[in-house]
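This is what each chain is made of:
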Amino acid sequence: MGRNWYLLWSGSAISALGDGIFLAALPLLAATLTQDPKLIAGVSFFGSLPWLLASLPAGAAADRYDSRRLLLAALWIQCALMAVLAAFHSAHIAFLYGMAFLIGTAENVPRAVGQPLIKATVENHLLERANGRLFASQAVALQFVGPPLGGLLFAIAVPAPFWVNALTFATAALLVTRMRTRRQPRPAKPKVVEGLRWLMKHKALRTVTVVSATTNLCIAMTMATLVLFAQQRLGLTNAGFGAFLATLACGGVAGGLLAERMLARYRHTVAVTVVLIPLMWLGIATLARDLPTVAVFAVVSSFCTAVWGVATAALRQRAVPTNLLGRVSSAQTLITWGVQPVGALLGGLVADHFGLLAPWFVAVGLRTAVGVGSLKPLRDHFTGAALNVHLAASPEQDAAVTLPEESR
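The shown structure was predicted, so the numbers you read here are calculated from the model rather than taken from an experiment. Per chain, residue numbering runs from 1 following the sequence as it is written. Confidence filtering applies because this is a predicted model: local features only for residues at pLDDT of at least 70, side-chain atom pairs given and counted only at 80 or more, and all residues used for totals across whole chains, interfaces and linings. Heavy atoms from the whole structure form the basis of all side-chain values; hydrogens and water molecules are not counted.

With respect to the side chain of threonine 269
Inference 1: Residue placement: threonine 269 occurs in helix α12 (residues 269-287).
Inference 2: By relative accessible area, threonine 269 is classed as buried at 6%.
Inference 3: We call two residues in contact when some of their heavy atoms are within 4.5 Å. In this view, threonine 269 contacts Met262, Leu263 and Val307; residues no more than four positions away in its chain are not counted. Strands are runs of DSSP state E lasting at least 2 residues, helices are runs of H or I lasting at least 4, and numbering of each runs from the N terminus. Exposure is judged per residue with a 1.4 Å probe applied to protein chains only, and the accessible area is read against the type maximum: over 50% gives exposed, under 20% gives buried, and values in between give partly exposed.

Structure (structure tokens):
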């Protein structure tokens, strides 16, 4: 698949490892400062708020400037921010809010440039394979290895996971530095809103965006107080909380690796994932009182999420013109990730007033309603054959988009 692809893939996996460490360590750090569900949920709120504020500008930058250089800058900035957090970890929780916001802001750039970089380094017929491998490696690093390591490092020394996270970003940056690219003509001043307008006109991507946004809203609701759920309902220690997060990775790895084959063979794969995800959440809310039971439901849920992610990423990469991909991807990020601060706030408030299980039940009801309403349009657009031959460039343009010759 090419040298540039493997460097990009390796860098992504290593930075995802740091993200997994951070995923476990940040709420644990917040829990040392307060046990108030609303204040702990505030960390998730400020960490996800940049997806609402910075997504569109990041997409415009991805379409205007060299993607590799933007990615390098973002990785070094994240490295520096992690070092600051490690050095001043015992400060007030307001400081934690500010650091979560800055780190989330820097994270917008890798997500914005990721789609153009994948499309530029991989041939069109290999997109499902590339996305599947990317999802699988990220699941291993972000969910399976990272969280237990983050919990273990936190138990050894509070600042340790943040120093290690800084090291992962530095290593990823060094790998990206080795990528060899050639510059191509770019719009001088791409309009930020063009990506959002294009997305709204494309029926398939519009439906996908609604479903993904609802899913992320619900996940944010449950994740906002997940550390308290793990400690109080499951009786887990700090290291156990990392293992709890790691159970999500098992299904994600399998889903990423098997998605290409399943999407090509089974016509209704995507529709089935839409139905199964909220059912698994319901199982966690009603039946899970220990880690093994949670693991069963979490594995199926993460498997479905990975398959969904591979299918929708390939659809987007094929459908969107190259010169708009950064902005369209960021427009989707604005919607699908921008709802997370709202979900975090709702999750904290609901848990505070109705108990730690209440966010799960609200999430199940909301996600089920949206999923059922989307089944017909999803069946129209997602079949094994459609994923292999879908090359529509835009709602108004039927010709396939030509991939740039150079790799980034």
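Re the side chain of asparagine 108
Inference 1: Summarising the element assignment, asparagine 108 is placed in helix α5 (residues 93-121).
Inference 2: Among residues more than four places away in sequence, those in contact with asparagine 108 are Pro50, Trp51, Ala54, Ser55 and Ala58.

What about the pattern of salt bridges?
Inference 1: For this analysis, a salt bridge means a side-chain nitrogen from Lys or Arg found within 4 Å of a carboxyl oxygen belonging to Asp or Glu. What the rule picks out here adds up to two salt bridges.
Inference 2: Here arginine 129 makes a salt bridge to glutamate 260, at a shortest N to O gap of 3.5 Å. On the criterion of sequence distance, the pair formed by arginine 129 in helix α6 (residues 127-156) and glutamate 260 in helix α11 (residues 238-265) is long-range, its members being 131 residues apart.
Inference 3: Taking the relative accessible area as the measure of exposure, arginine 129 reaches 35% and is therefore partly exposed.
Inference 4: Here glutamate 194 ties to arginine 327 by a salt bridge, and the two come within 2.7 Å at their closest N and O atoms. Of this pair, glutamate 194 sits in helix α8 (residues 194-201) while arginine 327 sits in helix α14 (residues 325-336), and the two are 133 residues apart along the sequence.
Inference 5: Residue arginine 327 is classed as buried on the basis of its relative accessible area, which comes to 3%.

Looking at the environment of leucine 279
Inference 1: Structurally, the position occupied by leucine 279 is in helix α12.
Inference 2: Given the relative accessible area of 45%, leucine 279 is considered partly exposed.
Inference 3: Sequence spacing of leucine 279 and phenylalanine 297 is 18 residues, and the spatial spacing of their C-alpha atoms is 8.7 Å.

Let's talk about the UniProt feature "transmembrane region" (unreviewed entry) in the chain
Inference 1: Under the feature "transmembrane region" (unreviewed entry), the UniProt entry names residues 7-33, 39-58, 70-103, 152-176, 207-230, 236-258, 270-288 and 294-315.
Inference 2: Helix makes up 88% of residues 152-176 and strand 0%. Its end C-alpha atoms lie 29 Å apart.
Inference 3: Here residues 207-230 is 92% helix and 0% strand, with 33 Å between the C-alpha atoms at its ends. UniProt positions are given in the numbering used here, feature names are shortened, and annotations may be inferred rather than shown by experiment.

A short note on the environment of alanine 31
Inference 1: With respect to the helices, strands and loops of the structure, alanine 31 is situated in helix α1 (residues 3-33).
Inference 2: Put simply, alanine 31 and leucine 228 are 197 residues apart on the chain and 8.4 Å apart in space, counted from C-alpha to C-alpha.

A few points about the packing of α5 against α14
Inference 1: Here, axes are lines fitted to C-alpha atoms. For helices the fit covers the stretch in contact, and angles between N-to-C directions go from 0 to 180 degrees. Look at α5 against α14: their axes get within 8 Å of each other, and the N-to-C directions meet at 135 degrees. On the basis of their axis angle, the class for α5 and α14 is oblique. Between α5 and α14 lies a crossing of right-handed hand. Residues Arg111, Ala112, Gln115, Pro116 and Lys119 of α5 pack against Leu325, Gly326, Ser329, Ser330 and Thr333 of α14. Note on terminology: angles under 35 degrees are roughly parallel, angles over 145 are roughly antiparallel, angles of 65 to 115 are roughly perpendicular, and the others are oblique. Crossing handedness is defined as follows: a turn of the near helix away from the far one that is anticlockwise and smaller than a right angle gives a left-handed crossing, while the clockwise case is right-handed.

Considering the confidence of the model for the chain
Inference 1: Here the chain averages 79 in pLDDT, and 89% of its residues register 70 or above.
Inference 2: Per-residue pLDDT, averaged within each element of the chain, yields its smallest value for helix α17 (residues 384-389) (42) and its largest for helix α7 (residues 160-177) (91).
Inference 3: Residue-level confidence of the predictor is summarised by pLDDT, bounded by 0 at the bottom and 100 at the top. Note that residues 384-408 has pLDDT below 50 and, in this model, 74 contacts with residues that lie over four places away or in other chains.

Here we look at the packing of aromatic side chains
Ring pairs (aromatic) are described by centroid distance and by the angle formed between their planes.
Inference 1: Under the pairing criterion, centres of Phe, Tyr and Trp rings, with the six-membered ring standing for Trp, must be within 6.5 Å; the plane angle then separates stacked pairs below 30 degrees from edge-to-face pairs above 60, leaving the rest tilted. Taken as a whole and judged by the stated rule, the model has five aromatic pairs.
Inference 2: Considering the side-chain rings of phenylalanine 88 and phenylalanine 95, the 6.5 Å spacing of their centres and the 70 degrees angle between planes classify their relative orientation as edge-to-face.
Inference 3: You can call phenylalanine 95 partly exposed: its relative accessible area is 26%.

Here we look at the nonpolar core
Inference 1: Leu96, Phe162, Phe241 and Phe244 are the most contacted members of the largest nonpolar core, which has 75 residues in total.
Inference 2: Split by domain, this core shows at least three residues from each of two domains, domain 1 (1-179) and domain 2 (190-392).
Inference 3: Contact partners of phenylalanine 162, with chain neighbours within four places excluded, come to Phe22, Ala25, Leu26, Leu29, Met82, Leu85 and Ala86.
Inference 4: The criterion is simple. A nonpolar core is a set of buried Ala, Val, Leu, Ile, Met, Phe, Trp, Tyr and Cys residues joined through side-chain atoms within 4.5 Å. Counting 26 residues, the second-largest nonpolar core is a separate cluster that includes Trp198, Leu205, Val211 and Val320. Domain extents, as shown, originate in an automatic or database domain assignment.

Details of the environment of valine 350
Inference 1: Along the polypeptide, valine 350 turns up in helix α15 (residues 340-354).
Inference 2: Put simply, valine 350 and threonine 222 are 128 residues apart on the chain and 10.0 Å apart in space, counted from C-alpha to C-alpha.
Inference 3: Filtering out sequence-adjacent residues up to four positions away, valine 350 remains in contact with Gly355, Ala358, Pro359 and Val362.

Describing a nonpolar patch on the surface
Inference 1: Patch definition: residues above 30% relative accessible area lacking any salt bridge, with like charges linked at up to 9 Å and the nonpolar side chains Val, Leu, Ile, Met, Phe, Trp and Tyr linked at up to 5 Å. Only the protein chains shown count as covering a residue, and every accessible area follows the Shrake-Rupley method with a 1.4 Å probe. A contiguous nonpolar patch, built from Val275, Leu279, Leu282 and Phe361 and spanning about 320 Å² of accessible area, is present on the exposed surface.
Inference 2: Element by element, the count of residues in the nonpolar patch is highest for α12, at three residues.

Considerations on helix α3 (residues 55-64)
Inference 1: Among the 10 residues that make up α3, seven are buried, leaving the element largely enclosed by the rest of the structure.
Inference 2: Among all positions of α3, only Ser55, Leu56, Ala58, Gly59, Ala60, Ala62 and Asp63 are buried.
Inference 3: In this structure, the buried residues of α3 make contact with α2 (37-53), α4 (67-87), α5 and α14.

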